[in-house]
Amino acid sequence: MMFGTPIITNNIGLPEKDLKRMRKSMNERVSLAKGGCNLYTGDDNHDDIDESQVLSKPEFQCLVDPILEHTKAYIKAISSYVDEYQSYIMKSWPVVVNPGGSVTRHTHDYAHLSAVFYFDDPEPDSGGVLTFVRPKDQPLLHVGINESFLDQNSSGLLVDIESKKNGLIIFPACLPHFVSQYTGNKPRFSISCDIMNVKTEGKTEASLISLDRWITNV
Ligand SMILES: [Fe+2]
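Residues numbered from 1 in each chain as written. Predicted model: local features only at pLDDT ≥ 70, side-chain atom pairs only at ≥ 80, totals over all residues.

Observations concerning the overall build of the protein
Scanning the protein from terminus to terminus reveals two helices and eleven strands. Ordered by position in the sequence, the α and β elements of the protein form the string β-α-β-α-β-β-β-β-β-β-β-β-β. Considering only contacts in the protein between residues 6 or more positions apart, those separated by 24 or more positions represent 84%. (Helix = DSSP H or I, 4+ residues; strand = E, 2+ residues; numbered from the N terminus. Contact = placed C-beta atoms within 7 Å.)

Pasting the structure below:
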């Protein structure tokens, strides 16, 4: 679609043994998903636990290469300069939504791209749907296509993306999103991460340059 917002979804096909190991680790966090939202997000310093780079833990490292490979494919889809960028997972955290829980609308504005990985197919009619909100300044609204003419479910303001087993979703970090109330029986597990794309070759104008060239005091 012209001026569409790129969101990609892929089945990354991790073997059951990897999924089982990660699910075991996620199960240890279920009791942390409590309070009004029945939600645990590992980067939120719950009970003084900081899990803001969970992909560095051995059981989750199997996700790193697939996330970076698919990030490369994402950049390739929108830029012909893909080989001049190096992508970094700057932050990654586990998310547990217990029955009755939800995730309120938010963005990850500080990053370039965000990704989320799901361990399981959704239980039927159990809510917990990841929904993206098209920004009000989406260019389509300024080329004569008023939002009232757009399909609100597909190309409209709200776009639902189904969370599938082994599914990896990559999207612009600035894109608002939320998870509707989850009413399934089992805890809903996912891993989220934020990605920065650094220009390592070619022209650097209007791009983030490599951290090894940044300056700070010592
Ligand atoms: Fe998010």
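Having seen it, we continue.
Section: helix 2 (residues 64–78)
Between the first and last C-alpha of helix 2 there are 22 Å, a value that for 15 residues agrees with the 21 Å anticipated at 1.5 Å per step. Buried within helix 2 we find I67, T71, Y74 and I75. Taken end-on, helix 2 shows its buried residues confined to a sector of 95 degrees, consistent with a single buried face. Turned more than 90 degrees from where helix 2 packs its buried face, D65, A73 and A77 sit exposed. Next to the buried residues of helix 2 lie strand 1 (8–11), strand 3 (85–97), strand 5 (113–118), strand 8 (167–172) and strand 10 (188–199). (Expected span 1.5 Å × (residues − 1). Buried ≥ 20, exposed ≤ 12 C-beta atoms within 10 Å, placed from the backbone. Arc of directions from axis to C-beta.)

Points about unusual backbone geometry
Phi angles above zero are rare outside glycine, and D125 is one such case at about 50 degrees. Inspection of the secondary structure assignment puts D125 in the loop between strand 5 and strand 6 (130–133). Overall, D125 belongs to the exposed group, with 7 C-beta atoms counted inside 10 Å. Of note in the backbone geometry, N166 takes a positive phi value of approximately 70 degrees without being a glycine. Here N166 shows up in the loop between strand 7 (158–161) and strand 8.

A short note on the sheet that holds strand 6
Spatially, the four strands line up as an open sheet ordered 4-9-6-7, and their pairing is antiparallel. Of all strands in the sheet, those bounded by a partner on one side alone are strand 4 (103–106) and strand 7. The average angle at which neighbouring strand axes cross in this sheet is 20 degrees, direction not considered. Where strand 6 and strand 9 (residues 177–179) come together, three bridges link them in antiparallel fashion. Bridge pairing links L130 to V179 in strand 9. (Pairing = 2+ DSSP bridges. Axes fitted to C-alpha atoms, helices over the stretch in contact; angles between N-to-C directions.)

Remarks on the nonpolar core
Grouped together as the largest cluster of nonpolar side chains are 35 residues, with contacts concentrated most on V96, V97, A115, F117 and I170. Elements represented by at least two residues in this core include exactly helix 1 (16–27), strand 2 (39–41), helix 2, strand 3, strand 5, strand 8 and strand 10. The biggest single contributor to this core is strand 3, with six residues. (Core = buried A, V, L, I, M, F, W, Y, C linked by C-beta atoms within 7 Å.)

Points about the confidence of the model for the protein
On average, residues of the protein carry a pLDDT of 88, and 88% of them reach 70 or more. No element of the protein has a lower mean pLDDT than strand 7, at 88, and none a higher one than helix 1, at 97. (pLDDT = per-residue confidence, 0-100.)

Some thoughts on the pairing of strand 3
Successive side chains on a regular strand alternate, one facing one side of the sheet and the next facing the other. The element strand 3 is largely enclosed, with a buried count of ten among its 13 residues. Pairing of strand 2 with strand 3 involves three bridges; the strand directions are antiparallel. Bridged to Y40 within strand 3 is V96. Where strand 3 and strand 10 come together, twelve bridges link them in antiparallel fashion. Bridge pairing in strand 10 places Y85 opposite K199.

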